[in-house]
Amino acid sequence: MDLHFHHLGMACRQIAVELPELAIAGYRPEGPIFEDPIQQVRIQFVSGGGPRLELIEPAGAQSPVEGILKRGSKFYHLAYEVSQLDDAIAYFRARQYLPVSSPAPAVAFDMRRIVFLASGTRTLIELIEART
């Protein structure tokens, strides 16, 4: 399986509040904050002091990130880019990871498809379709 680490997902109530704290650890924004209406989130990628982070804030009350924040979670998923999304989904399903979303286009990745899968111990993996 050709998994290439892409980022660690971090739920935030407000991205703007997180940025100064992460700057202390050497993180800097990779670009502007943008919104993904499909995923119902606002996103900011940062890099620098460690693994690349995706800061994710809810863009409305129905955002899936709301539930994560209500549970008090912050770092909640590992993301990997894969060349064959359907094959990667099958690979994880064969190892007891269950999809928690259907494959869908994502603004963050130029409308390439993503999918989230969870293990029995609640490890959440995001698979990102690689550029063709």
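Report on the accompanying structure. (Residues numbered from 1 in each chain as written. Predicted model: local features only at pLDDT ≥ 70, side-chain atom pairs only at ≥ 80, totals over all residues. Heavy atoms only, no water.)

**Considering the nonpolar core**
At step 1: Formed by 18 residues in total, the largest nonpolar core has its most connected members in Ala11, Val65, Tyr76, Phe109 and Ile114.
At step 2: With near-sequence residues (within four places) excluded, Tyr76 lies in contact with Gly9, Met10, Ala11, Ile56, Val65, Ile68 and Leu124.
At step 3: Core analysis: the second largest hydrophobic core is formed by eleven residues, Phe92, Tyr97, Val115 and Leu117 among them. (Core = buried A, V, L, I, M, F, W, Y, C linked by side-chain atoms within 4.5 Å. Buried < 20%, exposed > 50% of the residue type's maximum accessible area, 1.4 Å probe, protein only. Contact = heavy atoms within 4.5 Å.)

**Things to note about the packing of aromatic side chains**
At step 1: Under the definition given, this model contains four aromatic pairs.
At step 2: Here Phe92 and Tyr97 contribute two aromatic rings whose centre-to-centre distance is 5.0 Å and whose plane-to-plane angle is 80 degrees, an arrangement assigned as edge-to-face.
At step 3: Its relative accessible area of 7% is what places Phe92 among the buried residues.
At step 4: For Tyr97, a relative accessible area of 16% gives the class buried.
At step 5: Through pairs of rings, three or more aromatic residues link up here, namely Tyr91, Phe92 and Tyr97.
At step 6: The ring of Phe45 has Arg52 lying over it, and the distance from NZ or CZ to the ring centre is 4.4 Å.
At step 7: Over the aromatic face of Tyr91 sits the side chain of Arg95, whose NZ or CZ is 3.7 Å from the ring centroid. (Phe/Tyr/Trp six-rings, centres within 6.5 Å; stacked < 30°, edge-to-face > 60°. Lys NZ or Arg CZ within 6 Å of the ring centre and 35° of its normal.)

**So, the layout of surface pockets**
At step 1: Within this model, the largest pocket holds a volume of roughly 620 Å³.
At step 2: Along the wall of the largest pocket there are 27 residues; nearest its centre are Pro64, Ile68, Tyr76, Phe116 and Leu124.
At step 3: Elements represented by at least two residues in the lining of the largest pocket include exactly strand 4 (41-47), strand 5 (53-58), helix 2 (64-70), strand 6 (75-82), strand 8 (104-106), strand 9 (112-118) and strand 10 (124-129).
At step 4: Split into classes, the residues belonging to the lining of the largest pocket amount to 17 nonpolar, five polar and five charged. (1 Å grid on protein atoms, 1.4 Å probe; cavity = no way out; pocket = protein on both sides within 12 Å on 5 of 7 lines; lining within 4 Å. Points joined across faces, edges and corners; volume = space filled by probe spheres on them. Helix = DSSP H or I, 4+ residues; strand = E, 2+ residues; numbered from the N terminus. Nonpolar A, V, L, I, M, F, W, Y, C, P; charged D, E, K, R; others polar.)

**Let's talk about helix 1 (residues 15-24)**
At step 1: Among all positions in helix 1, only Ile15, Glu18, Leu19 and Leu22 are buried. What you see down the axis of helix 1 is that its buried residues fit within an arc of 110 degrees, all on one side. Pointing more than 90 degrees away from the buried face of helix 1 are the exposed residues Ala16, Pro20, Glu21 and Ile24.
At step 2: Where helix 1 is buried, its residues contact strand 1 (4-11), strand 2 (28-29), strand 4 and strand 5.
At step 3: Just downstream of helix 1 lies Gly26, where phi reads positive at about 90 degrees. (Arc of directions from axis to C-beta.)

**Some words on the pattern of salt bridges**
At step 1: Applying the stated criterion across every chain, the model contains nine salt bridges.
At step 2: A salt bridge links Arg13 to Glu66; the shortest N-O distance between them is 2.9 Å. Of the two residues, Arg13 sits in the loop between strand 1 and helix 1 while Glu66 sits in helix 2, which places them 53 residues apart along the sequence.
At step 3: Arg13 sits in the partly exposed class, given a relative accessible area of 45%.
At step 4: Arg113 is the partner of Asp86 in a salt bridge, and the nearest nitrogen-oxygen pair spans 3.6 Å. Linking Asp86 in helix 3 (residues 85-93) with Arg113 in strand 9, this pair joins segments that are 27 residues apart in sequence.
At step 5: With a relative accessible area of 25%, Arg113 lands in the partly exposed category.
At step 6: If you follow the salt bridges from partner to partner, you end up with Glu35, Arg42 and Glu57 in one network. (Salt bridge = Lys/Arg side-chain N within 4 Å of Asp/Glu carboxyl O.)

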